[in-house]
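What the coordinates show
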Amino acid sequence: MECYLDNSATTRCLESAAELMAGIMCTEYGNPSSLHHKGVQAEEHLRHAREVIARSLKVAPKEIFFTSGGTESDNLALRGAAYANGRSGRHLITTSVEHPAVLNTMQYLEQQGYEVTYLPVGEDGRIRLSDLEAAIRPDTILVSVMHTNNEIGALQPIAEAGALIKRVNPNTLFHVDAVQGYGKSRILAKRLGIDMLSVSAHKIHGPKGIGFLYVGDRVKIRPILFGGGQERGLRSGTENVAGIAGMAKAAEEIYRNLDADVDRMYGLRERLAQGILGLENVRINGLPGRESAPHVLSASFAGVRSEVLLHALEEKQIYVSAGSACASNHPETSGSATLRAIGLPKELLGSTVRFSLSVFTTQEEIDYTVRTLRELVPMLRRFTRR
């Protein structure tokens, strides 16, 4: 049995999305900037995709800008907003557990003369609103907080943070990296006080290399790419029409049965957690049940190297991740920002594995994974002691 449990790294593309993309690439392949019929066909795909995605967030289609994925969306939001609002202040706030696309961009902006405050998190991986309130200043131009942590599934208090930011400093922009949250929950951007929101298609069963950035119509932001002025001048470059259409198709299908699919994933996640906790000297990282994301489970297996367990599981056709796909397989040396931030004991940093589910994950796969772990973990511990 093949069990793909690395869906936070990437997901299997929906067949309907892949078929739509193939048709566009082979028959409706016009440049959306062209004025002839094939260009109009391509532009129609962009228009439809913008409408579909806008509906999922309850925003206006003109507020959706297509990018190459989550990393570009984060860069555009942070750098674009910083450059556009630099005269109002040069102070930025983020958390210590953000994705490298945010943390590395913030470090770059520090080199450009901006000041960045990094909020700590508790053992649950969540920020404290009191810390956020204390950090906001008159010159704070932007706060960036991820919706769902990609390593332990921690859900940040986005609604409370959005309200707090606007109360303390109404001019401060609120950016949310929703790469792991979009398609797993209903995110009503304006109601949550979100000014900008980043999403990547390959996390929701769409294609790789495409994503979008929601930008509220009153947000001041500058482009970071220059060229032909596509995407209303904010993101130049010929649009990836097939990828955009595939992303919209995936979003449409994922949100069609979202509540039922999320309930089912929570049930499978709990089944996996309880099965793992049946082993000795195992720690589940993050909060239990619905206090965490429905699809991410981080577990530390004392006495077993994460990469050793990963490859042992791989031999049984179970595919998981040693932390994050965007981090090294050696968190004890390179440092997992999230695991260190939640205070995970040093001896467990190199013994942590991430399991991540999708709408396609079955109970049979979960049960097979639990049985395999119960067989492998004691054996690997005996081998390690030798």
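These figures come from a predicted structure and were not determined experimentally.

Definitions and cut-offs
- Residues numbered from 1 in each chain as written.
- Predicted model: local features only at pLDDT ≥ 70, side-chain atom pairs only at ≥ 80, totals over all residues.
- Heavy atoms only, no water.
- Helix = DSSP H or I, 4+ residues; strand = E, 2+ residues; numbered from the N terminus.
- Buried < 20%, exposed > 50% of the residue type's maximum accessible area, 1.4 Å probe, protein only.
- Phe/Tyr/Trp six-rings, centres within 6.5 Å; stacked < 30°, edge-to-face > 60°.

Here we take up unusual backbone geometry. The backbone phi angle of H205 is positive, close to 70°, even though this residue is not glycine. Checked against the element boundaries, H205 lands in the loop between β7 (196–200) and β8 (211–215). Note on H205: relative accessible area 3%, which makes it buried. Notably, Q317 is not glycine yet its phi reads approximately 65°, a positive angle. Residue position: Q317 is located in the loop between α9 (306–315) and β11 (318–319). Since its relative accessible area comes to 37%, Q317 is described here as partly exposed.

Further remarks concern the packing of aromatic side chains. The full count for this structure, using the stated rule, is 2 aromatic pairs. Each ring, one from Y182 and one from Y255, has its centre 5.1 Å from the other, and the planes form 55°; the classification is tilted. Pair noted here: Y182 is in the loop between β6 (173–177) and β7 and Y255 is in helix α7 (residues 241–256), with a separation of 73 residues, a long-range link. Judged by relative accessible area, Y182 falls into the buried class, the value being 1%. For Y255, a relative accessible area of 11% gives the class buried. Counting every residue linked through ring pairs, the aromatic cluster contains Y182, F212 and Y255.

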